[in-house]
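Single-letter residue listing:
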Amino acid sequence: MSYARNLRFFGTTSRARIYTKCKMNAEQSDFKRFKTFGVHEPEPIPESTKWRWAFFAAATVVALQAFYIFTTRKEHERPEFVPYEHLRIRSRPFPWGDGNHSLFHNRKYNALPDGYEEECDCE
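Residues numbered from 1 in each chain as written. Predicted model: local features only at pLDDT ≥ 70, side-chain atom pairs only at ≥ 80, totals over all residues. Heavy atoms only, no water.

A. Focus on the overall build of the protein. Across its full length, the protein holds 3 helices and 0 strands. For the protein, the N- to C-terminal ordering of α and β elements is α-α-α. When the 123 residues of the protein are sorted by exposure, 6% land in the buried category. Taking as baseline every contact in the protein between residues at least 6 positions apart, the subset at least 24 positions apart corresponds to 40%. Of the accessible surface of the protein, which amounts to about 11,900 Å², a share of 60% is contributed by carbon and sulfur atoms. (Helix = DSSP H or I, 4+ residues; strand = E, 2+ residues; numbered from the N terminus. Buried < 20%, exposed > 50% of the residue type's maximum accessible area, 1.4 Å probe, protein only. Contact = heavy atoms within 4.5 Å. Areas by Shrake-Rupley, 256 points an atom, 1.4 Å probe, with all protein chains shown as cover.)

Okay, here's the thing in structure tokens:
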């Protein structure tokens with residue numbers, strides 16, 4: 001009898017039994033096939049080896065990026081000071097220093113409300 005004819009002939013519970021039996025036979029045949037030809041599952045790679053390679057790859061990428069950035073870097077030009085009213089508003093002084101300089105103030109690149117502190121030797 002064919003498989004479809006068996007399903008019509010037997011009841012619903014038998015269908016499940018036949019399906020399970022066919023599935024088990026397929027799994028066993030796969031196992032036997034692998035066993036006879038000597039194909040083994042690959043051994044899992046230890047976690048320490050994975051992390052070692054990941055760290056090596058990440059360190060290499062960071063080093064190459066740093067080299068690229070520092071070899072192609074150019075000096076930025078300082079923008080011309082324009083005394084716009086809406087920029088550099090000081091409604092109250094900063095709580096450090098003289099109250100006019102921001103926390104990360106750079107004399108060469110950061111302007112105060114009335115202009116730069118020093119003249120630039122930019123070319």
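B. Main features of unusual backbone geometry. Phi is positive for Arg-88, which is not a glycine, with a value near 55°. Mapped onto the fold, Arg-88 is located in the segment after helix H3 (47-72). A residue is classified by how much of its surface remains accessible, and Arg-88, at 25% relative accessible area, is partly exposed.

C. Here's a closer look at the environment of Glu-77. Among the secondary structure elements, Glu-77 is positioned in the segment after H3. We classify Glu-77 as exposed; its relative accessible area is 64%. Through-space distance from the C-alpha of Glu-77 to that of Tyr-109 is 8.7 Å; in sequence the pair is 32 residues apart.

D. View of the side chain of Arg-78. Tracing the chain through its elements places Arg-78 in the segment after H3. What makes Arg-78 buried here is its relative accessible area of 16%. Within the structure, the side chain of Arg-78 is placed 3.1 Å from the backbone oxygen of Lys-108, a separation counted as a polar contact. (Polar contact = N/O pair within 3.5 Å; in protein donor to acceptor, adjacent residues only side chain to side chain.)

E. View of the pattern of salt bridges. Applying the stated criterion to the full structure yields 3 salt bridges. Salt-bridge contacts for Lys-50 lead to Glu-47; the nearest nitrogen and oxygen are separated by 3.6 Å. Highlighted residues: Lys-50 and Glu-47, both in helix H3, separated by 3 residues, approximately one helical turn. For the salt bridge of Glu-75 with Lys-108, the shortest nitrogen-to-oxygen distance reads 3.9 Å. (Salt bridge = Lys/Arg side-chain N within 4 Å of Asp/Glu carboxyl O.)

F. A nonpolar patch on the surface, seen in detail. Together, Tyr-68, Ile-69 and Phe-70 make up a nonpolar patch on the protein surface, roughly 370 Å² of accessible area in all. Judged by its relative accessible area of 61%, Phe-70 is exposed. (Patch = residues over 30% accessible without salt bridge, like charges linked within 9 Å, V, L, I, M, F, W, Y side chains within 5 Å.)

G. A look at the packing of aromatic side chains. Counted according to the given criterion, the structure contains 3 aromatic pairs. Consider the rings of Phe-81 and Tyr-116, whose centres lie 6.2 Å apart with planes at 70°: the pair is edge-to-face. In this pair, Phe-81 sits in the segment after H3 while Tyr-116 sits in the segment after H3, placing the two residues 35 residues apart along the sequence. Judged by its relative accessible area of 23%, Phe-81 falls in the partly exposed class. Centre to centre, the rings of Phe-94 and Trp-96 are 5.3 Å apart; their planes meet at 15°, and the pair counts as stacked. For Phe-94, a relative accessible area of 28% corresponds to the partly exposed category. A relative accessible area of 32% means that Trp-96 is categorised as partly exposed. Sitting above the plane of the Tyr-116 ring, Arg-78 keeps its charged end 3.8 Å from the centroid. (Phe/Tyr/Trp six-rings, centres within 6.5 Å; stacked < 30°, edge-to-face > 60°. Lys NZ or Arg CZ within 6 Å of the ring centre and 35° of its normal.)

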